[in-house]
Amino acid sequence: MGKSCRVSKLCVLCVVLALVSVATLVTLWTLALTGDDGDDVTAPWDSYRLPTDLVPKFYNITLWPRLSRHPDTGLYIFTGHSTVQFECVKETNLILIHSNKLNYTKLDEAHIVRLTASGGASAPIIKSTWLQPKTQYLVIELNGKLSQGQTYQLYAEFTGELADDLAGFYRSEYEEDGVRKIVATSQMHPTHARKTFPCFDEPAMKAVFHMTLIHPPGTVALSNGMETGQFPFTSENICSYIIDRRGFFRVQIRIWARRKAIEQGQGDYALNVTGPVLDFFQSYYNISYPLSKSDQIALPDFYFGAMENWGLVTYRETNLLYDPATSSNSNKETTATIIAHELAHMWFGNLVTLRWWNEVWLNEGFASYVAYLGADYAEPTWNVKDLIVLDDVHRVFAVDALTSSHPLTSKEDSIVLPEQITEQFDTISYSKGAAVLRMLSDFLSETIFVQGLSRLFLKIFLQAVTDNDVLLPRPVQDIMNPWVLQMGFPVVTVDTASGKVSQQHFLLDPESNVTVDSPYKYEWPVPVRWMKAGEVQTDIWWLLEKEAVNPGMRSGASWVLANINVTGFYRVNYDLGNWERLFTQLSTDHQVIPVINRAQLVDDAFNLARAQLVSTTLALRTTSYLSLEMDFMPWQSALDNLNYYYLMLDRTEVYQPMQDYLKKQVTPLFMHFKNLTSDWTHVPEGHTDQYNQVNAVRTACRTGLTECQNLTSTWFRQWMENPQHNTIHPNLRSVVYCSAMAAGGEAEWEFGWIQFKEASLASEASKLMSALSCTSDTQLLQRYLSFTLNSTLIRKQDATSVITSVAANRAGQSLAWSFVRDRWEYMFTQYGVGSFSFASMITGVTARFSTSDELQQLEEFVEQNGAAGFGSASLAVDQALERTRANIKWLQQNQQEVLDWFSSQTH
């Protein structure tokens, strides 16, 4: 290339091919549910699973990314060579190793690999080699057999494209001081290591890695282990860092990002919170942090929110960088909880890891659950542990109540294709996994739950239960299997007149047909924490059958409340008399009911109404007391549920009465925060109070409260007049920007676009990017959608967010749907999995679908694109069809009742 280079060597112990580190995980439940292979005669290279004949021991890899275009092809490329040492555990004359989109150099005897044996032994001669693109293998056929117990080395030289597809070894770009800069970085998870070097790319194929990386002078390089060369390495062109040596566990903590981001202090909060989080997890797991350093890097282009690479965690900039002058408290919480999530994986996921992708939920669900614990330790005043109910439990209820849902654990042989693997990383795995583990921790107690973790599950859980005299109605495994091995969850119905308690499989569409049989017949062992007339009952009551009687729940004139603090993964319904008593309590002294349960009552009632288990009027009545409510969680629960009403009804005559009602309910909250903040001159002290201030302003402006709209328009206009001095508080910027864009025209939009392109902080850019979709000008929305296909205007990682944000705007929904429908084949084939989140795009653009015409359009879209397929969006397409049919029924059955109720409340 004509320039000198630095060579950095890094030794990486037990680094993952696809998931950062790999070990067989002994779980509480059956790890591998395998199917019968029968008489399968498929050629080995046509199977998507590796044979078990060979086991890798270590890799020696050299990579050289070129950070400028190749003069002949105009492409960015990387070259490399690798040696993998593996042991033959069963005689075979075939070597299968994963490889995708790599070009190989011919070596001796015209083959593209060289095979040698350890210890002076001879290796079989290579008969032929070829690439099998469909299953992504490099196939090496031998003239003789490899010997059992012998180790061999396989050497290859290769070239790959350093593309901007956000997968494998890829290219990210950004501009600083007018100079375009290139970052070479990686995303190996879950099946992209094979796009970087030939490897046994399955999570159970654990190995030691020795990495050598060649890079130009003046650049910095990082990998999973500590640097042993002259320069540290990260496939990063210009990268500054902070070093903090924390003596109490002797781990070097570093935050990496663009030079200006570090100079502006945007990495300081992440640096300061990482130490306490690591300290917490060392204590929680009772195992020391297994590495000598913890690097975390913010990347300009990154597909996932973050990735738990062992010792080198990668993040989107919005998730790692925080500036107190311009970032909101929500941004701060995001940084803390995502750091906690990723660092939890350093033990659970990396040190100990799933065997195959059918158990993704255990890895991601566990990290999602304990992230709240780690963040709570680092920020104890936030009370962040309660927010799992809104962010995970309520969120996943909506998906798991569909017949197109799936169990936490699947059969191992049902998850083999790369797109099937990607599809496992969904709301069920993350949020239901977190909720079910939280429930387990609650009925065992956190102490026993942690004891079981520190010694790896089943036998130790059972021993811990015995040692601590925990009284359970059944063995732990028998309690948990129905929650893990069948989809869905129950609704528990309490009849306070008789004390009868019953359960049934909760489905949003009661007429939907469950076609998947369950050995547990869609029944669950249900732990019920409950209270009566304000008194919490000490012991858990277990519902173990379809129905049972709890005499204590015969309440007479008192009310009963079940699932205290929503520690159980189920909904609750009551007889009408108990609902009435709860309504009376809410309207007289709502704080007697715990705040989480006030949020629960709203969420349960609205969803019970959608399932036709209570009337829609009863559900709407749970919002009647909100004019008295000042806490965040009940308001957020109500707004989340009313959002469904907006999606269904904001194109109908119901829209204005609904707006009028909600404006009436939110006005006291708006005035509360106006007074609390001395006419908006400061922010509330409480973390969730700050969130509810945002709710108050957003809802008041959206429903047409003139004082609110004047306030936000004035703030935004002042900023337009003095662009260098933005006085809008960071907490309120998202709502102010959106409100001003909605009320304004092209001038406001163009100003917002300029500020978006010039934003130096990723979270500020994200707020503006979202707000640009709030305009009611359809020409601007159409233009904005077109930007998503130009990565110089909208980064590929952000394209899906822009499209779904436009779809969330009632003026933009049809535009976004047409845009996706007309360009689906192009986006799906040209951009690939690393660029667009196709599942979330499908979910977003179809969220409002509620007419037979829209259902027909969706069915035609599915039929027209059936040949190309939907990849990781296949499940999302099925769910969109199911939701649309349910929405049509709901609208037909409820529109008039909803109109009558809202109209009665505002006259």
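Whatever comes next refers back to the structure up there.
As the structure is a computational prediction, the values presented were derived from the model and not from experiment.

Turning to the environment of Arg-66, a few remarks are in order. With respect to the secondary-structure elements, Arg-66 resides in the loop between β2 (54–65) and β3 (77–88). A polar side-chain atom of Arg-66 sits 2.7 Å from a polar atom in the side chain of Thr-79.

Quick look at helix α21 (residues 762–771) now. In terms of residue burial, α21 counts as a mostly covered element, since eight of its ten residues are buried. Among all positions of α21, only Ala-762, Ser-763, Glu-764, Ala-765, Lys-767, Leu-768, Met-769 and Ala-771 are buried.

Under the criterion given, the structure shown has 57 aromatic pairs. Geometrically, the ring pair formed by Phe-86 and Phe-200 is edge-to-face, given 6.1 Å between the ring centres and 65° between the ring planes. Taken together, the residues span a long stretch of sequence, with Phe-86 in strand β3 and Phe-200 in the loop between β11 (179–187) and β12 (208–215) at a distance of 114 residues. Judged by its relative accessible area of 0%, Phe-86 is buried. Pairing Phe-489 with Phe-569 gives two aromatic rings, centres 5.3 Å apart and planes at 65°, and the pair type is edge-to-face. Placement of the pair is Phe-489 in the loop between α11 (476–485) and β18 (490–495) and Phe-569 in the loop between β25 (560–562) and β26 (571–574), with a sequence separation of 80 residues. Of the two residues, Phe-489 and Phe-569, both sit in the buried class. Aromatic rings pair up to connect Phe-280, Phe-281, Tyr-284, Tyr-285, Tyr-289, Trp-347, Phe-366, Tyr-369, Tyr-377 and Phe-449 into one cluster. Over the aromatic face of Trp-64 sits the side chain of Arg-66, whose NZ or CZ is 3.6 Å from the ring centroid.

Another aspect to go through is the environment of Leu-785. Here Leu-785 shows up in helix α22 (residues 778–787). You can call Leu-785 buried: its relative accessible area is 0%. C-alpha of Leu-785 to C-alpha of Val-820: the two residues are 35 residues apart in sequence and 9.5 Å apart in space. Other than its neighbours up to four places away in sequence, Leu-785 contacts Ile-803, Val-806, Leu-815, Ala-816 and Phe-819.

Orientation of helix α5 (residues 360–378) relative to helix α8 (residues 427–444), taken along the N-to-C sense of each, is 70°, at an axis distance of 7 Å. The orientation of α5 with respect to α8, classified from their angle, is roughly perpendicular. In this structure, α5 meets α8 at a crossing whose hand is right-handed. For the pair formed by α5 and α8, the contact residues are Val-360, Trp-361, Glu-364, Gly-365, Phe-366, Ser-368 and Tyr-369 on the first element and Ser-429, Tyr-430, Gly-433, Ala-434, Leu-437, Arg-438 and Ser-441 on the second.

Attention shifts here to the sheet that holds strand β22 (residues 535–536). Whenever strands of a sheet pair, they do so through backbone hydrogen bonds, lying parallel or antiparallel. Judged by pairing direction, the sheet is antiparallel, and its three strands sit side by side in the order β22-β21-β25 without closing on themselves. Among the strands making up the open sheet, the edge pair consists of β22 and β25. Of the pairings in the sheet, the one linking strand β21 (residues 530–532) to β22 comprises two bridges and is antiparallel in character. Across the sheet, the residue bridging to Met-531 is Val-536, located in β22.

With that settled, the discussion passes to the side chain of Glu-423. When you line up the elements, Glu-423 lands in helix α7 (residues 418–423). At 2.7 Å, the side chain of Glu-423 forms a polar contact with the backbone nitrogen of Leu-875.

Attention now goes to unusual backbone geometry. Following His-189, the chain continues to Pro-190 via a peptide bond in cis, the omega torsion being -5°. Among the secondary structure elements, Pro-190 is positioned in the loop between β11 and β12. A positive phi is found at Asp-177, a non-glycine position, where the angle reads about 55°. Counting through the fold element by element, Asp-177 comes out in the loop between β10 (168–176) and β11. Notably, Ser-678 is not glycine yet its phi reads approximately 50°, a positive angle. Here Ser-678 lies in the loop between α16 (655–676) and α17 (687–702).

Now for the packing of helix α15 (residues 632–649) against α16. Two elements in contact, α15 and α16, have axes separated by 11 Å at closest approach and are oriented at 165°. Overall, the two elements α15 and α16 adopt an arrangement that is roughly antiparallel. Seen from above, α15 lies across α16 with left-handed handedness. Between α15 and α16, the residues in contact are Trp-635, Leu-639, Leu-642, Tyr-645, Tyr-646 and Leu-649 and Tyr-655, Met-658, Gln-659, Leu-662, Gln-665, Val-666 and Leu-669, respectively. Class assignment for the residues of the contact of α15 with α16 results in eleven nonpolar, two polar and no charged.

Attention now moves to the nonpolar core. Phe-281, Tyr-284, Trp-579, Tyr-645, Tyr-784, Trp-824 and Phe-902 are the most contacted members of the largest nonpolar core, which totals 215 residues. Broken down by element, the residue count for this core peaks at twelve residues, all from α15. If we skip the residues at most four places from it in the chain, Trp-579 touches Val-572, Asn-573, Tyr-574, Leu-601, Ala-605, Leu-608, Val-614 and Leu-618.

The strand order across the open sheet built from three strands is β4-β8-β7, with neighbouring strands paired in antiparallel fashion. Of all the strands in the sheet, the pair left with one neighbour each is β4 (92–98) and β7 (126–132). Put simply, the sheet's adjacent strands are angled 20° from each other on average, direction ignored. Relative to strand β8 (residues 137–146), β7 runs antiparallel, the two sharing six bridges. Within the sheet, the bridge partner assigned to Trp-130 lies in β8 and is Val-139.

Rolling a probe over the atoms, with the probe sized like a water molecule, indicates the empty space that remains. As enumerated under the stated definition, the model contains five cavities of 30 Å³ or more in all. Of the pockets and cavities examined, the second largest cavity occupies roughly 90 Å³. Considering the residues around the second largest cavity, the lining is formed by Leu-508, Asp-509, Pro-510, Arg-610, Gln-612, Tyr-644, Ala-886, Lys-889, Trp-890, Gln-893 and Asn-894. Among the elements that take part in the lining of the second largest cavity, helix α27 (residues 874–905) stands out by supplying five residues, more than any other. In terms of residue class, the lining of the second largest cavity is made up of five nonpolar, three polar and three charged.

The rules behind the values
- Residues numbered from 1 in each chain as written.
- Predicted model: local features only at pLDDT ≥ 70, side-chain atom pairs only at ≥ 80, totals over all residues.
- Heavy atoms only, no water.
- Helix = DSSP H or I, 4+ residues; strand = E, 2+ residues; numbered from the N terminus.
- Polar contact = N/O pair within 3.5 Å; in protein donor to acceptor, adjacent residues only side chain to side chain.
- Buried < 20%, exposed > 50% of the residue type's maximum accessible area, 1.4 Å probe, protein only.
- Phe/Tyr/Trp six-rings, centres within 6.5 Å; stacked < 30°, edge-to-face > 60°.
- Lys NZ or Arg CZ within 6 Å of the ring centre and 35° of its normal.
- Contact = heavy atoms within 4.5 Å.
- Axes fitted to C-alpha atoms, helices over the stretch in contact; angles between N-to-C directions.
- Parallel < 35°, antiparallel > 145°, perpendicular 65-115°, else oblique.
- Left-handed = near helix turned anticlockwise from the far one by under 90°.
- Pairing = 2+ DSSP bridges.
- Nonpolar A, V, L, I, M, F, W, Y, C, P; charged D, E, K, R; others polar.
- Core = buried A, V, L, I, M, F, W, Y, C linked by side-chain atoms within 4.5 Å.
- 1 Å grid on protein atoms, 1.4 Å probe; cavity = no way out; pocket = protein on both sides within 12 Å on 5 of 7 lines; lining within 4 Å.
- Points joined across faces, edges and corners; volume = space filled by probe spheres on them.

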